[in-house]
Amino acid sequence: MARAPRTTHQVAVIGAGIAGLAAATEAAHCGLKTALFDDGRLGGLITNVAAVHGHPGSEGATGADLVNTMLGAALEAGVDYQPGAVTELASMGSHWNLPGNGATALRVILATGAELRTLGVPGEEALTGRGVSQCAFCDGGLYKGKDVAVVGGGDGAFQEALHLAELCANVTMILRGRKPRARPAFVRQTADLSNMHFRWNTDVQEIIGSDGVDAVRLTEQNGDEETLSIAAIFPFIGLAPRTNLAPADAARDDDGGLIVDTGMQTDQAGLYAVGAARTNHGGQVVHAIADAKSAAHAAWRAI
Ligand SMILES: Cc1cc2nc3c(=O)[nH]c(=O)nc-3n(C[C@H](O)[C@H](O)[C@H](O)COP(=O)(O)OP(=O)(O)OC[C@H]3O[C@@H](n4cnc5c(N)ncnc54)[C@H](O)[C@@H]3O)c2cc1C
């Protein structure tokens, strides 16, 4: 088979979520020949968020609108936007090779983000798409007027629960601890709603159903058991960094997030990691953008 012609970039950004879009735009603004590789999930985690909070200038905008604006800015800046996942990344010493994409780059910014963690309980996999969902904005309408549950205690879980509370008869939040990690503003909003209920110190043991979700089996930490009738369940229990493209010996934390210096460079020369792919990601859009700008500037100074 004929080999694809090789294109040489100064910077290759892998992943077109918030961090990747911002990094590519900033690198292009620095005058660097920049490619942005998108695996078809443009925008990443924020895309399906109904109302983005904490991003100055976009408060309450949909995630999709924010992504479209950022993509427009990237194209305007001259970023070479390349549809197609990056499947392989190899260090050649002076540069990096992306053999599956017919490309090389002096510097690579890994912005591959994270996956939403799943519960790993019986029934979850079999009922995914039939009552188990990780997108309230996409699937909430299917459960209008019904009882649903949200699992998790972070911002994402509370945001999704607030959206569901506008549509569903009752929303039960299931939390492992007694104290939510979410911003107090979200917690206060849920406390004011009469159709929002809480199960604290509680673990999900099993999701029950055949054609769809019928119920969830819960255990409280004092040993009490409960079977709660619901039509759908939305787990938002944290993120797992997606860093398998980085060399196996790149330094990672216990969750797999890449360890970086203040310029977002990993311990592999010329490889940067930004946003949800790196260790200690701040968790919000603004943090991903700040990482992206730091990495683009560090790459620019190094080139
Ligand atoms: C439910 C929920 C609600 C949230 N709400 C808010 C909010 O209101 N305000 C806020 O500030 N933050 C919010 N966040 C957090 C915010 O979404 C993240 O901090 C941010 O989107 C992280 O962006 P990222 O680009 O690092 O990662 P991601 O969004 O995960 O993007 C990574 C991208 O890289 C792509 N990719 C992966 N591997 C490859 C590959 N091999 N080749 C090419 N592309 C690849 C992925 O498909 C994806 O498009 C929320 C998060 C969740 C889960």
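From a predicted model like this one, the values you see are computed outputs, not experimental measurements. (Residues numbered from 1 in each chain as written. Predicted model: local features only at pLDDT ≥ 70, side-chain atom pairs only at ≥ 80, totals over all residues. Heavy atoms only, no water.)

Chemist: Account for the packing of aromatic side chains, with residues named and values stated.
Modeler: One pass over the full model with this rule turns up three aromatic pairs. A centroid spacing of 5.1 Å and a plane angle of 5° characterise the contact between Phe198 and Trp200, whose relative ring orientation is stacked. Put simply, the rings of Phe158, Phe198 and Trp200 touch in pairs and so form one group of aromatic residues. (Phe/Tyr/Trp six-rings, centres within 6.5 Å; stacked < 30°, edge-to-face > 60°.)

Chemist: Pulling in residues and values, what's your account of the sheet that holds strand 12 (residues 213–220)?
Modeler: Backbone-to-backbone hydrogen bonds join strands into a sheet, with any given pair of strands oriented parallel or antiparallel. Strand order in the open sheet formed by three strands is 11-12-13, with antiparallel pairing between adjacent strands. The strands lining the two open edges of the sheet, one partner per strand, are strand 11 (202–209) and strand 13 (225–229). Sheet twist, expressed as the mean angle between neighbouring strand axes with direction ignored, is 25°. In terms of strand pairing, strand 12 meets strand 13 through five bridges, oriented antiparallel. Opposite Arg217, over in strand 13, you have Thr227 as the bridge partner. (Pairing = 2+ DSSP bridges. Helix = DSSP H or I, 4+ residues; strand = E, 2+ residues; numbered from the N terminus. Axes fitted to C-alpha atoms, helices over the stretch in contact; angles between N-to-C directions.)

Chemist: Quick rundown of the pattern of salt bridges? Include the residues and the values.
Modeler: A full pass over the atoms with the stated rule returns 10 salt bridges. One salt bridge connects Arg183 with Asp155, and the closest N-O pair in it is separated by 3.1 Å. With Arg183 in the loop between strand 9 (170–174) and helix 5 (184–191) and Asp155 in helix 4 (residues 155–165), the pair connects residues that are 28 residues apart, well separated along the chain. Between Glu226 and Arg199 there is a salt bridge whose closest N-O contact spans 2.8 Å. You can see Glu226 sitting in strand 13 and its partner Arg199 sitting in strand 10 (residues 196–199), a full 27 residues away along the chain. (Salt bridge = Lys/Arg side-chain N within 4 Å of Asp/Glu carboxyl O.)

Chemist: Describe the state of the cysteines, naming the residues involved and giving the relevant values.
Modeler: Summed over all chains, the structure comprises one disulfide. The side chain of Cys135 participates in a disulfide bridge whose partner is Cys138; the two sulfur atoms lie 1.9 Å from each other. Taking the sign of the S-S torsion, 80° for the link of Cys135 and Cys138, the bridge is right-handed. Classification of Cys138 by relative accessible area gives partly exposed; the value is 44%. The cysteine Cys168 is free of any disulfide, with Cys135 supplying the nearest cysteine sulfur at 13 Å. Under the relative-accessibility criterion, Cys168 is labelled buried at 6%. (Disulfide = S-S within 2.5 Å. Buried < 20%, exposed > 50% of the residue type's maximum accessible area, 1.4 Å probe, protein only.)

Chemist: Report on the domain arrangement of the protein, specifying residues and quantitative values.
Modeler: By the assigned domains, the protein splits into domain 1 (7–116 + 239–302) and domain 2 (136–235). For domain 1 and domain 2, the distance between their C-alpha centroids amounts to 32 Å. With seven residues of domain 1 at the contact, the number on the domain 2 side is seven residues. Surface buried jointly by domain 1 and domain 2 totals about 590 Å² across both partners, of which 57% is contributed by carbon and sulfur atoms. The three residues of domain 1 that bury the most area against domain 2 are Asn48, Ala50 and His53, which together make up 63% of that side's buried surface. Connecting domain 1 to domain 2 are zero salt bridges. Of the residues in the side of domain 1 that touches domain 2, the class split is three nonpolar, four polar and no charged. (Domains from an automatic or database assignment. Contact = heavy atoms within 4.5 Å. Buried area = accessible area lost by both parts, 1.4 Å probe. Nonpolar A, V, L, I, M, F, W, Y, C, P; charged D, E, K, R; others polar.)

Chemist: Would you mind going over the nonpolar core in detail, with residue names and values included?
Modeler: Ile18, Leu89, Leu98 and Val108 are the most contacted members of the largest nonpolar core, which totals 56 residues. Non-local contacts of Val108, meaning those with residues more than four positions away in its chain, are made with Ala12, Ile14, Leu89, Trp96, Leu98, Gly270, Leu271 and Tyr272. Core analysis: the next-biggest nonpolar cluster, separate from the first, contains 21 residues, Ala136, Ala157, Phe158 and Ala182 among them. (Core = buried A, V, L, I, M, F, W, Y, C linked by side-chain atoms within 4.5 Å.)

Chemist: Lay out the side chain of Thr202 with the relevant residues and their values.
Modeler: Mapped onto the elements, Thr202 comes out in strand 11. Taking relative accessible area as the criterion, Thr202 reaches 6% and is therefore assigned buried. Only 2.5 Å separates the side chain of Thr202 from the backbone oxygen of Trp200, close enough to count as a polar contact. (Polar contact = N/O pair within 3.5 Å; in protein donor to acceptor, adjacent residues only side chain to side chain.)

Chemist: Please set out the site of the ligand residue by residue, giving values where relevant.
Modeler: Of all residues adjacent to the ligand, which total 35 residues, the nearest are Asp39, Arg41, Leu45, His53 and Gln159. In this structure, Leu45 approaches the ligand through a main-chain N or O atom, which is 2.8 Å from an oxygen atom. One of the side-chain N or O atoms of Gln159 is found 2.7 Å from an oxygen atom in the ligand. Summarising the interface, the protein chains cover 94% of the accessible area of the ligand, which totals 1,000 Å² for the free molecule. (Near = heavy atom within 4 Å. Areas by Shrake-Rupley, 256 points an atom, 1.4 Å probe, with all protein chains shown as cover.)

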